Amino acid sequence: MKLRHGLLFTAALGAVLFAAGCAGSKDELVIGEYGSLTGGDATFGLSTKLGVEVAMAELLTSKQGKIGGLPVRVVVEDDQGQAAEAATAVQKLINQDNVIAVIGEVASSRSLAAAPICQSNAVPMISPSSTNPKVTQVGDFIFRMCFLDDFQGRSVAQFATQNLGLKRIAILKDVKSDYSVGLTEYFSAALKEMGGTVVVEQAYTAGDQDFSAQLTAIKAKNPEAIYIPGYYTEAGLIGRKARELGINVPLLGSDGWESAQLLEIGGDALNGAYYTNHWALDMPEPKLQAFLKTVREKTSGTDPDAIAGLAYDAANVLFGCLEKLAADDPATFKALASSKAGTPERKTATTKLRDLIAQTKDYAGVTGTITLDANRNASKPLVVLEIKGGKKVFNTSINP
Amino acid sequence: MSEFLQQLVNGITWGSVYALIALGYTMVYGILRLINFAHGDVYMLGAFIGLYASRWFRAGENPNPFKALLVLLTSMVLSALIGMIIERLAYKPVRKSPRLSALITAIGVSLLLENGGVLLFGASPRFFPQIVAQENIPLGLGVTISNQQLIVIAVSFALMVALRWLVLHTKVGKAMQAVSHNHMAAALMGISVDRIITFTFMVGSALAAAAGVLVALQTPKIEPYMGILPGLKAFVAAVLGGIGNIPGAVVGGLIMGIAEVMVTGYLSPTYRDAIAFVLLIVILLVRPAGIFGKAVAEKV
């Protein structure tokens, strides 16, 4: 009796596995996406997801969600805002979900954790918004849709010294973030060149609750401004604490501040702060305004942040390259969809796809015109936003 | 000089929060010889109850002191009830078991509260509304204190004084002292030991909840895992002062807060979490019973 049950079970299991195997071999284009859907900077992951969803929805209305006759499917993985989880998520996307390309991350530390895995598996990875230069240096399968931190750090220094006339600047950085540490370096070097000085450099770690000690040490040095390259949660908390300690100088930030939650956390304390970003919602660009309209309809009135815009551009660049591959080289395109992860056919196909992404030129995105250079980076102008009366307002734009 | 004094003010603010949490550890240890590892998570629950209470009372819109007090009291009362439930359901059944079982139960309750918190509130941080409009009060010598910091310090010390009065001058407090000396003898004197133990848990949880709301007032980011580190550090503070000793917990908490802020301000923020454990090692080497603790010979 027992034996018969065992046999039955084995047979059933076999049938299930066989069915699963069949389902997996159906031709489709699976695109992986990983990001922080939860955790301390969850709006990064959620905005990326939103941007890709909007791109997918448009593909669905214009082409029934198909490229070259094959359906496109996006698999999203949550890395909980942790670098180790990002690596695991990408492993899973490549080995289990059999993805042909990966979109992500926002935070440079997490992109850096995942990029080597994509590189060694020859799966193209497009980071929509990681700005640290090291990200694309990992290898020739890693791309980005945004500007770099050497440019961003220099722009803040230029804005502070030339536009605001401030020379004595304090820095409060996140010691464990590649992004924050990198920006601090570029900013300090550029500031010195422009005749300013870094009066004091203090540090924190993401997840810290209390910043009073660091800010008190900064206050004692009487800076004219404080540069806080970091992410929005800490930026908001630091802004509030600074005002509480009676520090009223302008706060300067980076594109990691870009989140709808920034003002929710920081409140009035952030009025008079400036930060560098990829777009300003009040810019008249028609593509940007069209995207805004779509998102507002989808989310009942909520404005997207630039992270969503960059993800939308990343997805569309990828879709465009897949279209091109289907039109120019149908055999490789078919192999791309039908081959399994790790096989030589897959590798040849993804390398073709990689070459097409690398050729991206003058793509008109919602975050500006994207042309990828030899190092797989986009070179785009940057926008300085001013926080005024609880709103983010365009102040100036700086060209590379 | 003014920088040092300002750091001292910051340290005392943070330290008074540790002191409030440490009191709960020390009281429960004094009575049950149990280290209640779930205590830091009650602090987290206190902050979340405060968040929902301030939404319920709309305390974030045109903040006034009355509404803020209401939020604080709601959180303290509900957390006291949670403390009671935890004691009744988790600790009472293992009270007669070896001490290790109780300790492991405490760790289990802690995990349950943390992951239950993730399930209930979500893993992403939430932000506490500003229930007290922020104002700065200059203290002279270039030192400023915000009214929020002042509230944290004042409420903490008021609660500590109230606790001292409760323990020393009320009937239930005297019963608590009796139970802490000897359960059996206290029971023979007609004290309901079960009720005193439950009461102790309720008071400790209410104090932790108050700490949760006070921290959220200052640093508005709250999340289900926020109790782990402050809980551990408050435990160290309780050991530092002499576990089981109420004034010791207060002094230990203050030392801990000041040490953390000074290390962050003058050395490096990366040592912030390390200093707590350095203090623990030093005290265990130099004076294992803690600053105020009396060394008791272990009966073999």
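Residues numbered from 1 in each chain as written. Chains lettered and ligands numbered in written order. Predicted model: local features only at pLDDT ≥ 70, side-chain atom pairs only at ≥ 80, totals over all residues.

J.: I'd like a description of the overall build of chain B, backed by residues and values.
T.: Helix and strand counts for chain B come out as 11 helices and 4 strands. The C-alpha extent of chain B, read off along each of the three principal axes, is 55 × 45 × 40 Å. Counting all 300 residues of chain B, 51% fall into the buried class. By sequence separation, contacts in chain B at least 24 residues apart represent 77% of the contacts at least 6 residues apart. (Helix = DSSP H or I, 4+ residues; strand = E, 2+ residues; numbered from the N terminus. Buried ≥ 20, exposed ≤ 12 C-beta atoms within 10 Å, placed from the backbone. Contact = placed C-beta atoms within 7 Å.)

J.: Just give me the short version of the overall build of chain A, but keep the residues and values in it.
T.: The number of helices and strands found in chain A is 14 helices and 15 strands. For chain A, whose C-alpha radius of gyration is 23 Å, the value lies close to the compact-globule estimate of 21 Å for 400 residues. Principal axes of the C-alpha set define a box for chain A whose edges measure 80 × 55 × 40 Å. The proportion of buried residues among the 400 residues of chain A is 52%. At a minimum sequence separation of 6, the contacts of chain A that also span at least 24 residues come to 68%. (Rg over C-alpha atoms; globule rule 2.2 N^0.38 Å.)

J.: I'd love a proper account of the packing of helix 5 (residues 147–169) of chain B against helix 6 (residues 171–181) of chain B, names of residues and values included.
T.: All names here are of chain B. Interaxial distance between helix 5 and helix 6 falls to 5 Å at its minimum, and their mutual angle equals 75°. Accordingly, the angle class assigned to the pair helix 5 and helix 6 is roughly perpendicular. Across the interface between the two elements, L166, V167, L168 and H169 from helix 5 touch G173, M176 and Q177 from helix 6. Among the residues forming the contact of helix 5 with helix 6, the class breakdown is 4 nonpolar, 3 polar and no charged. (Axes fitted to C-alpha atoms, helices over the stretch in contact; angles between N-to-C directions. Parallel < 35°, antiparallel > 145°, perpendicular 65-115°, else oblique. Nonpolar A, V, L, I, M, F, W, Y, C, P; charged D, E, K, R; others polar.)

J.: Tell me about the pairing of strand 3 (residues 143–146) of chain B, and please be specific about residues and values.
T.: Residues and elements named next belong to chain B. Judged from the 4 bridges that link them, strand 2 (residues 136–140) and strand 3 form a sheet pairing that is antiparallel. In the strand pairing of strand 3, I137 is matched with I145. The loop that links strand 2 with its antiparallel partner strand 3 comprises 2 residues; one of these, L141, has a positive phi angle of about 60°. (Pairing = 2+ DSSP bridges.)

J.: I'd like to hear about the interface of chain A and chain B, residue by residue, with values.
T.: The interface is formed by 25 residues belonging to chain A together with 24 residues belonging to chain B. Among the secondary structure elements, those contributing two or more residues to the side of chain A that touches chain B are strand 8 (197–204), helix 8 (212–219), helix 9 (232–244) and helix 10 (261–266) of chain A. Of the residues forming the side of chain A that touches chain B, the biggest block, 5 residues, is contributed by helix 8 of chain A. Among the residues forming the side of chain A that touches chain B, the class breakdown is 10 nonpolar, 12 polar and 3 charged.

J.: So, the domain arrangement of chain A: which residues are in play, and what are the values?
T.: All names here are of chain A. Domain annotation of chain A identifies domain 1 (9–147 + 288–370) and domain 2 (149–277). Placing a centre on the C-alpha atoms of domain 1 and another on those of domain 2 gives a separation of 32 Å. At the junction of the two partners, domain 1 supplies 15 residues and domain 2 supplies 19 residues. Every element with two or more residues in the side of domain 1 that touches domain 2 is listed here: helix 4 (108–120) and helix 12 (306–328). Per-element tally for the side of domain 1 that touches domain 2: the top contributor is helix 4, with 3 residues. In the side of domain 1 that touches domain 2, the residues fall into 6 nonpolar, 6 polar and 3 charged. (Domains from an automatic or database assignment.)

J.: Give a detailed account of the environment of L251(A), specifying residues and quantitative values.
T.: Residues and elements named next belong to chain A. Secondary-structure assignment places L251 in strand 10 (residues 251–253). Given 26 C-beta atoms within a 10 Å radius, L251 is considered buried. For the pair L251 and A225, spaced 26 residues apart in the sequence, the C-alpha separation amounts to 5.8 Å.

J.: Any details on the sheet that holds strand 10 of chain A? Residues and values, ideally.
T.: Residues and elements named next belong to chain A. Overall, mixed pairing links the 7 strands, which are arranged 8-7-9-10-11-14-15 in an open sheet. Each edge of the open sheet is held by one strand with a lone partner, namely strand 8 and strand 15 (391–398). The mean inter-strand angle of the sheet, taken between neighbouring strand axes irrespective of direction, is 25°.

J.: Give me the nonpolar core: which residues, what numbers.
T.: Core analysis: the biggest nonpolar cluster contains 117 residues, and V90(A), V102(A), C118(A), I126(A), I226(A), L252(A) and L318(A) have the highest contact counts within it. Top element by residues in this core is helix 12 of chain A. It accounts for 14 residues. Counting contributing residues per domain, this core is built from domain 1 (9–147 + 288–370) and domain 2 (149–277) of chain A, each supplying no fewer than three. Excluding anything up to four places from it in sequence, V90(A) contacts Y34(A), V102(A), A114(A), I117(A) and C118(A). Listed in part, the 96 residues of the second largest apolar core include A213(A), W14(B), I86(B) and I258(B). (Core = buried A, V, L, I, M, F, W, Y, C linked by C-beta atoms within 7 Å.)

J.: I'd like a description of the sheet that holds strand 2 (residues 66–67) of chain A, backed by residues and values.
T.: Residue and element names in this part refer to chain A. An order of 2-3-1-4-5-6 is seen for the 6 strands of this open sheet, with the pairing classed as mixed. If you trace the sheet from one side to the other, it starts and ends with strand 2 and strand 6 (142–144), each paired once. Summarising the sheet, strand 4 (residues 101–103) and strand 5 (residues 125–127) pair through 2 bridges and their orientation is parallel. Bridge pairing in strand 5 links V102 to M125. Taken strand by strand, helix 2 (residues 42–63) contacts strand 1 (29–35), strand 2, strand 3 (70–78) and strand 4, and its axis lies near 160° from that of strand 1.

J.: Requested: an account of unusual backbone geometry, with residues and values cited.
T.: Look at the link from G104(A) to E105(A): it is a cis peptide, with omega at -10°. Topologically, E105(A) is positioned in the loop between strand 4 and helix 4. The phi dihedral of R376(A) is positive, around 65°, even though this residue is not glycine. If you trace the backbone, R376(A) turns up in the loop between strand 13 (368–370) and strand 14 (382–388). According to the C-beta neighbour criterion, R376(A) is buried, with 23 such atoms within 10 Å. Non-glycine residue R33(B) carries a positive phi angle of around 55°. As for its position among the elements, R33(B) is in the loop between helix 1 (2–32) and helix 2 (39–56).

J.: Provide a residue-level description of the confidence of the model for chain A, including the pertinent values.
T.: Averaged over every residue, the pLDDT of chain A is 88; residues scoring 70 or more account for 94%. Taken as a whole, residues 17–24 of chain A scores under 50 in pLDDT and shows 0 contacts with residues more than four places along the chain or in a different chain. (pLDDT = per-residue confidence, 0-100.)

J.: Break down the packing of helix 9 (residues 228–241) of chain B against helix 10 (residues 246–267) of chain B for me, with residues and values.
T.: All names here are of chain B. At a minimum axis distance of 7 Å, the contact between helix 9 and helix 10 shows a crossing angle of 120°. It follows that helix 9 is oblique to helix 10 by the angle criterion. The handedness of the crossing between helix 9 and helix 10 is right-handed. From helix 9, K233, A234, V236, A237, A238, L240 and G241 reach across to helix 10, where they touch G248, A249, V251, G252, G253, I255 and M256. When its residues are assigned to classes, the contact of helix 9 with helix 10 shows 9 nonpolar, 4 polar and 1 charged. (Left-handed = near helix turned anticlockwise from the far one by under 90°.)

J.: How would you summarise the environment of Y34(A) if you had to cite specific residues and measurements?
T.: Residues and elements named next belong to chain A. Tracing the backbone shows Y34 in strand 1. Judged by the 28 C-beta atoms lying within 10 Å of it, Y34 is buried. In this structure, the C-alpha to C-alpha distance between Y34 and L112, residues 78 residues apart in sequence, is 13 Å.

J.: Would you mind going over helix 8 (residues 193–218) of chain B in detail, with residue names and values included?
T.: Between the first and last C-alpha of helix 8 of chain B there are 38 Å, a value that for 26 residues agrees with the 38 Å anticipated at 1.5 Å per step. When you tally the buried positions in helix 8 of chain B, you get 22 out of 26 residues, the bulk of the element. (Expected span 1.5 Å × (residues − 1).)

J.: Give me the lowdown on the environment of V54(A), citing residues and values where you can.
T.: Residue and element names in this part refer to chain A. The residue V54 is located in helix 2 in this model. V54 sits 258 residues away from Y312 along the chain, and the two C-alpha atoms are 6.9 Å apart. Apart from residues no more than four positions distant in its own chain, V54 is found in contact with T294, V295, K298 and Y312.

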